[in-house]
Structures are given as structure tokens and as C-alpha cells.
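Structural overview for review
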Amino acid sequence: MPPWVGPVASYVASGLRTTALLALVSVVASVVVGVVLGTLLTLPSRVVRAVVRVYVEVWRGLPIIVILFFIFFVLPIIGIRVDTFTAAAVGLTLWGSANMAEVVRGAVQSVPRGQGEAAAALGFSWPGRMRHVILPQATRRVLPPLIGLVVNLTQQTSLAAVIGLLDVLEASQRSIERLTLSGGSTHAVPILGAVLGVFFVVCLPLTMLSRWFERRLR
Amino acid sequence: MRSRFAILVSAATLLVVAAGCSSGNSSGSGGAAGGETASAAAGPVDVGVPVPDEVKSRGKLAMGVKCDYPPFGYVDEAQKNSGWEIDIAHELARYAFGDPNALALTCVTGSNRVSFLTSSRIDLIEATMNYTVERAQTIDFTTPYFDSGVKLLVQKNAGITSFDQLAGKSVITITGATASLWLTQCMKDVKQVLFTETSQALTALSQNRGVAFAQDDTLLLDLAAKNQSLQVVGDAKADSPWGMGVRKGDASMLSWVNAALAHMQAADFFWTRFQKTVTDSTVQQQFAKYVPRPGNTLTYPTSSTMSC
Amino acid sequence: MVLADGYHFELGFLFDHLGEIGAGLLRTLEISVIGMAGALVVGVALGALAALNVPVVRQLIAVYVEVFRNTPLLVQIFFLFFALPEIGFQLDGFTVGWLSLLLWGGAYNVENFRAGFEAVEGGYVEACRALGFARVAAFREVVFPLGTRIALPSVINILISVFKNSSFMVAISFPELTETAVNIVAVTFRVFEMFLALGVVYLGLVWLLSLGAQVVERRLAIPGGH
């Protein structure tokens, strides 16, 4: 094993821990907030829908990099300063929850209208219809795209490197930096290849799970 | 179905709580405050001016330093910040708290160092920053502590020996660096290929993405020493002293840092550390006049440093 | 307007850099358009091949799709620009720009189109076969037109993502819009105004794209719904 591998591997591994934690926090927060917002988007009230719609359009419309830069560099100027990890988590959650809301809305609205109408004919109120008829069916339909979004969000954590969070990508970049400046070769292929490999190994099972759910749905 | 939902929701809540408990301390946006283990003095050193409140309340000196600029600010194999500027940083921390490791170092680049300062993520920039009139409009500069000019790093067989030969060609530069500012102002026909990190620029040069890498002579000499196929050419442009940066109007910080720098100069701290950092005696002599020593004080130029 | 720490808010400097911002926007549009078009073509072509279940080709397509869907786009970009030269392929910033977007968007679109084709109800295909259509002809006349329109919403979603992901090119310092904004901040230090303006521009463009998408979806919708 070449001598450069040891220090690089341990440094990148510590970055991986940060990535895992960021992914966990962002995913959970996005799912929770997204489910709430997505359900709100199906309410009869136009005002509620409009407010949530603005949130969704803004945080889905902006590139995540711009959101991260804004939270990290701009908010402190008006007094809101958070550390790098929190900035990354908040930024990813804003984006993730907006997308999750869309996914949930789509799932709820894909339940055939006949179901809701039949339930209404049987005397269910709107909350009752949602709880006993619509949401259970929507949950099955939401799983494939939800898992897809989880995979996507896990990958998007790598963007936190642009605000300097020491995640797996930033750690590998700094290792390549150190190796380059100390006069040797960059070893970019094996290092970046390893990062790609780690993400692949983590995300592939989740993608397969999503596809399995999708097949069960049909 | 309902119970499954309930389990999902409670599991999610537990995870959020657990993650929240453990995510509190993982803000790692900088190298560890390490380097040489300086002997901890008995207590803080009085430099004649009180330590600013913002520094005292942090408990550490929050500084932005370079992590890609050997031998002044870089990261060694043990992932520790090292270099001449880092030594100065440790000394500043020792003056403030009596502990040279009371430092929170953040890696900054030419493009984001001021943003880090204005967003109060750091209180002091010590990042190989040349004084320019334009920069002085946004931040306040301390007394100078070194100097550099812009030169070119080229491949030995490329045939480039001066700035005039760059006309109409691609030149690699670093975003926000003095070299980039000077080229933008004085050689508009040069196509700048910008990068944020030195290693990216160096790799780009070896891949012939540009005919030269324009940066501070202090950095280029170190890179050329480690790469036999590269050499430094050109006469120094935009020669200007380095200063540390504080937020505009932060008078308490400015006066404390200036007093601390004066204290270091009187103790000949800069030269002692410089000799340990730059061991080549010819290079030492070349830069000796830029190191503050008793009897050798640097000053900022009164006119613009960006003359073509 | 003075904000915290004595920062003065003013938008005037934007006009000094209008040319630079315009050039950055142009480059964003260039790599986005090529990336979007390429992702569309790749998605349709490979998605059709995958749905037709051609033996070896299907596995190869699956490998391509899984690799590019299960790894982060940012790392893919770094790899294409900084690592490939080490094994002999040197691509410039512009090429990496549209190529990375094309490969990423294409992989997602292959899945979207394939799902669209497979969602065409079996009854239609059976009817075709009963009428004597060959398998490929059935695909061409029935499955393809219906499947592409079923896939349309998710495909358009990916294409808009391709546009937003053009901002990832800051990683290789390719001077598209976001990188241009970062460079301007590096020189003028006007971080608040610049990123605010940047956000507004992106939201505006995405909104326009979404409007266009809605028009396209409405015109191409399958009559009677699916």
C-alpha cells in the first residue's frame, strides 16, 4: 500500500462521518416537514395552499448552491449566524422539504378520485376521508419517489463542500490539495473514485428498494 | 396501516432527537488548531492594549488562514495547519489567552476570506493578503508584516520569460488574488483561467490549461522548488505589503493586533520563525528586507499598488 | 441602508458588472441547453432500448444508469475535470459543463422514459399483436407515443433540474452565472446584494421554464387522461 493512502483514508473517513450525520439530519427533517407541507397542499383552503405553494416554488426553484451561499455568507449580515453544519442542514432541508411536499401532494392526488367520492358518499368527513381512505393508499404510492428523494438528498450533502463543511468530498479535495502541493502526483483518480464508490455502495441498495416498492405497487 | 404509520413517526422523532444531541459539536470547517507545540506561557501577554471583548467572549482567536500556500499557510500530513503565518497565529493566541492553542482556524481562500470576515465567522484575516486601496475600502488593514509581488510560474520549456509574452493567451490565476486583480486591470487581453485553490491551479498548469500561473512570488518559489519542471519568471508586479484584516470600524481589534504585532517585532519573533520556515539561505536573503525586525519596519505605499 | 456590522446595502455596483453577469448567464444557458437536449435524446433512445429488452444492451444501459443515479453530480464533475486527465482524457471546462449535465440528466431520463413505456397498458400492446403488428412496430406506433407522454412530467422535472444544476460548475471554476457571482463577490465583497440578485435571476428563469413546461404538458397531454 503506497504511503499516502493511510493518512488520506483516515481523513476521508472522518469526512464520511460528517456526511452521514448531515444526510441523516437533512433526510429526517425534510421528510417530516415535507409530509406536513404536502398534506397542507391538498387542503381545500386556497389561502393555505397558496402560502405553501410559495415556499415550495422558492426552495425548489433555487439551486442548492445558491441557498447554501445565502445562508452561510448573507444571513450573518442581518444578524443570523449559524455554524457550517447547521447552515448545510438547513439549506438541504429547505430544498428537501419543498421537493418532499411536491412528492406527497402528487401521491395523495394520484389516489383515484372515485375513492374519495365514494367515501364522501358513505358519510366520511374530510379529515375522516383523508385518514381512513386517501392517506393509507397515498402512503404506498409515496414510497418509491420518497426513497428516490432520500437517495438524491444523500448525494446533495456533497454540496456542503462549497461552504467548507468537512464532509467526505471536502476531505478528499483537501487531501488531493495537500498531495499536490507537497510535490507529488495528485492521486485524484483513486481518491475521487473511492468517494464515488462509497456513495454508490450506499445509494444503490436504496434505489433498488425504491424500485421494489414501485413494482409492488403495480 | 395506522400502527405502521405511528411507528414510522415515532422512529423519525427519535432519530431527530438523537441526531440533534450528537450534531452539536460537528461544525468542522477548518483545520485543527495545532502545528508546533509551543510552550504554554504562564498567562496572557500584555501588549499595552486590552484584548477585544469579542475575542474574550469567544474564548479563542477566530482567524482565517490559508491552507494551500506553503510555506506560509498549509496543511501537513497530520492534517494540522502549519506555516509561518500559523506560527504568528499561535503567538497571537498566546498573547491573548496565555495558550497558543486557543485558536479557531478556518481555511479561507482569496475569494472568500473577506466574506468570512464580514459574516463574523472569523475576527481576523491572516491569509497572505496584499494591501490594496480597493480592499482597504471594505476592511481595515493592520500594520504590515510581510510583502510579495506577482510573478509567473511556467513550464521550463514553454518559452515564456516575461509578462509581455502573455498577451492574448490563457493564464491561470486564483479568484480574488492580487494577481487576478492586476491582470484584470492591466492586461485585459489575457484570458484568465480562474481556480479557487492552489493545487487546482498547479494541476491545470501541468495540464497546459494555461501558459503560466500568475501568483505571489512567495508561493511560486516554494512550488518551483518542489517541481523540477517549473520555474518562476517575470519582474514583480503589484508589489505590496501583507496586512491582516479586521472588520471596518472594529477599532478595539485593530489596535490590539497592531500592538501585538509591534510586540512580536520588538522580540524579533518574525525573523526567528522565518529562518525556521525558509531554510534556504539565498531565499532568506531575498526576502529578509520584508520581515519586520527591530530597526526594519514595513509601511504601506501611499499611491495605488495596482500600477501597470 | 446600513445593516449589522456597518455593511452598506447598495445595488449600484451590479451595473458596473452587467457585462460580466450577462456573459455568465449566457454560458449557463449554453451548457444547460446542450445538457437538456442531450439528456432528452439519451433518455428517449436508451429508455426505448431498455423497454424493448434487448439482451446485452439492457444490462449495459442499467450499469450506466445506476452509476450516474447513485453518485453525486458534484463528485462526477470533479472526476471528469480533475481526475480524467490523469488517465489521458483532458476536457475543458465547457465540455465538462454540458457533458456532466447530459450524462446525469440522461441517466434519470432513461428511467423515466422506461417507466413511461412500461406504463402503457398491456391491453394496447396485446391488441396490436392480435392485429398482426410486429413487436418493434407495436412499440413504434403505440407504446412510444403514449409512453413518452406519460413520462413527460417527470422528464420535464429532470430537465429543469439540469438547468439548476448548471450552478454546480463553480466546482471547476467554469464562469457560468453562479461562478461569475462568486468572482464578483471576491472582488467587490458585496455578498448580500450579489447573492440576492443571483437568487432572483434563477427563480425568474426557473419560473419561465416551468411556464413553458406547463404549456408543453398541456399540449401533449393524452386526451382523456391516463
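Residues numbered from 1 in each chain as written. Chains lettered and ligands numbered in written order. Predicted model: local features only at pLDDT ≥ 70, side-chain atom pairs only at ≥ 80, totals over all residues.

Here we look at the overall build of chain B
Check the secondary structure of chain B and you find 10 helices and 13 strands. Burial statistics for chain B: of 308 residues in total, 51% are counted as buried. (Helix = DSSP H or I, 4+ residues; strand = E, 2+ residues; numbered from the N terminus. Buried ≥ 20, exposed ≤ 12 C-beta atoms within 10 Å, placed from the backbone.)

A few points about the overall build of chain C
For chain C, the count of helices and strands is nine helices and zero strands. What you see in chain C, going N to C, is helices and strands ordered as α-α-α-α-α-α-α-α-α. With the principal axes as the frame, chain C shows a C-alpha extent of 75 × 50 × 25 Å. In chain C, of all internal contacts separated by at least 6 residues, the share reaching a separation of at least 24 is 78%. (Contact = placed C-beta atoms within 7 Å.)

Some details on the interface of chain A and chain B
Between chain A and chain B, the contact holds 30 residues from the first and 28 residues from the second. Taken together, the elements giving at least two residues each to the side of chain A that touches chain B come down to α1 (5-40), α4 (84-110) and α7 (168-181) of chain A. In terms of residues, the side of chain A that touches chain B owes the most to one element, α1 of chain A, which gives 10 residues.

A short note on the sheet that holds strand β9 (residues 170-174) of chain B
All names here are of chain B. Taken in spatial order, the five strands make up an open sheet running β10-β9-β11-β8-β12, and their pairing is mixed. Whereas interior strands pair on both sides, the edge strands pair on one side only; in this sheet they are β10 (191-195) and β12 (230-242). Strand-to-strand twist across the sheet, computed as the mean angle between neighbouring axes with direction ignored, equals 25 degrees. Of the pairings in the sheet, the one linking β9 to β10 comprises five bridges and is parallel in character. Bridge pairing in β10 links V171 to Q192. (Pairing = 2+ DSSP bridges. Axes fitted to C-alpha atoms, helices over the stretch in contact; angles between N-to-C directions.)

So, the nonpolar core
Counting residues in hydrophobic clusters, the biggest one holds 216 residues, and the most contacted among them are L68 and A88 of chain A, L61 and A212 of chain B together with I77, L159 and F195 of chain C. When residues in this core are grouped by element, the largest group, 14 residues, is from α4 of chain A. Viewed by domain, this core spans two of them, domain 1 (53-145 + 243-290) and domain 2 (148-240) of chain B, each represented by three or more residues. (Core = buried A, V, L, I, M, F, W, Y, C linked by C-beta atoms within 7 Å. Domains from an automatic or database assignment.)

A short note on the sheet that holds strand β2 (residues 68-69) of chain B
Residues and elements named next belong to chain B. Read from one edge of the open sheet, three strands run β2-β3-β4, paired in antiparallel fashion. Of all the strands in the sheet, just β2 and β4 (81-82) have a single pairing partner and so form its edges. Examined bridge by bridge, strand β3 (residues 73-75) and β4 share two bridges and lie antiparallel to one another. What sits directly across from V75, in β4, is N81.

Some words on unusual backbone geometry
For the peptide bond that leads from P70 of chain B to P71 of chain B, omega is -5 degrees, which places it in the cis range. In this structure, T128 of chain B is a non-glycine residue whose phi angle is positive, near 50 degrees. Following the sequence through the fold, T128 of chain B ends up in the loop between β6 (124-126) and β7 (139-141). Exposure remark for T128 of chain B: the 24 C-beta atoms within 10 Å place this residue in the buried category. Of note in this structure, N53 of chain C is not a glycine but carries a positive phi near 65 degrees.

Regarding the domain arrangement of chain B
All names here are of chain B. What the domain assignment reports for chain B is domain 1 (53-145 + 243-290) and domain 2 (148-240). Summarising the inter-unit geometry, the C-alpha centres of domain 1 and domain 2 are found 24 Å apart. The class makeup of the residues in the side of domain 1 that touches domain 2 is six nonpolar, six polar and one charged. (Nonpolar A, V, L, I, M, F, W, Y, C, P; charged D, E, K, R; others polar.)

Side note on helix α2 (residues 18-51) of chain C
Its 34 residues place the ends of α2 of chain C 48 Å apart at the C-alpha level, agreeing with the 50 Å of an ideal helix rising 1.5 Å per residue. Remark: N53 of chain C follows α2 of chain C within two positions and exhibits a positive phi of approximately 65 degrees. (Expected span 1.5 Å × (residues − 1).)

What to know about the environment of V171 of chain B
All names here are of chain B. On the secondary structure map, V171 appears in strand β9. According to the C-beta neighbour criterion, V171 is buried, with 24 such atoms within 10 Å. In sequence terms V171 and A214 are 43 residues apart; their C-alpha atoms lie 6.9 Å from each other. Contact partners of V171, with chain neighbours within four places excluded, come to L166, L183, V190, Q192, V193, G210, V211, A212 and A214.

Details of the interface of chain A and chain C
Chain A puts 31 residues into the contact, and the matching count from chain C is 32 residues. Mapped onto the side of chain A that touches chain C, the elements with two or more residues apiece are α2 (46-61), α3 (64-74), α6 (126-156) and α8 (188-217) of chain A. In terms of residues, the side of chain A that touches chain C owes the most to one element, α8 of chain A, which gives 10 residues. For the side of chain A that touches chain C, the per-class residue count stands at 24 nonpolar, seven polar and no charged.

A few points about the packing of α1 of chain A against α4 of chain A
Residues and elements named next belong to chain A. Relative to each other, α1 and α4 sit at 40 degrees, their axes nearing to 7 Å. Compared by their axis directions, α1 and α4 come out oblique. Handedness of the crossing formed by α1 with α4: right-handed. Contacts between α1 and α4 pair L22, V25, S26, A29, S30, V31, V33, G34, V35, L37, G38 and T39 from the former with F85, A88, A89, L92, T93, G96, S97, M100, A101, V103, V104 and R105 from the latter. (Parallel < 35°, antiparallel > 145°, perpendicular 65-115°, else oblique. Left-handed = near helix turned anticlockwise from the far one by under 90°.)

Notes on helix α5 (residues 93-119) of chain C
An ideal rise of 1.5 Å per residue puts 39 Å on 27 residues; α5 of chain C measures up with 39 Å between its terminal C-alpha atoms. Most of α5 of chain C sits inside the fold, with 20 of its 27 residues counted as buried.

Describing the confidence of the model for chain B
All names here are of chain B. Scored by pLDDT, chain B comes out at a mean of 85, with 86% of its residues at no less than 70. Of all helices and strands in chain B, the one with the weakest mean pLDDT is helix α1 (residues 2-22) (47), whereas β6 scores best (96). Low confidence marks residues 15-38, where pLDDT is under 50. Its contacts with residues over four positions away, or in another chain, come to 51 contacts. (pLDDT = per-residue confidence, 0-100.)

Some details on the pairing of strand β8 (residues 146-155) of chain B
All names here are of chain B. Most of β8 is tucked away: eight of the 10 residues are buried. Taken together, the eight bridges between β8 and β12 define a ladder with antiparallel strand orientation. Note that in β12 the partner of L152 across the bridge is V233. Both β8 and strand β11 (residues 212-216) contribute to a ladder of four bridges, which runs antiparallel. When the sheet's bridge partners are listed, K151 is paired in β11 with Q215.

With respect to the confidence of the model for chain C
Overall, the prediction assigns chain C a mean pLDDT of 89, with 95% of residues at 70 or greater. Reported for the predicted complex are a pTM of 0.85 and an ipTM of 0.87.

Section: the environment of L75 of chain A
Residue and element names in this part refer to chain A. Looking at the element boundaries, L75 is found in the loop between α3 and α4. Residues L75 and P205 lie 130 residues apart in sequence; the distance between their C-alpha atoms is 38 Å. Setting aside anything within four residues of it in sequence, one finds L75 in contact with F70, I80 and R81.

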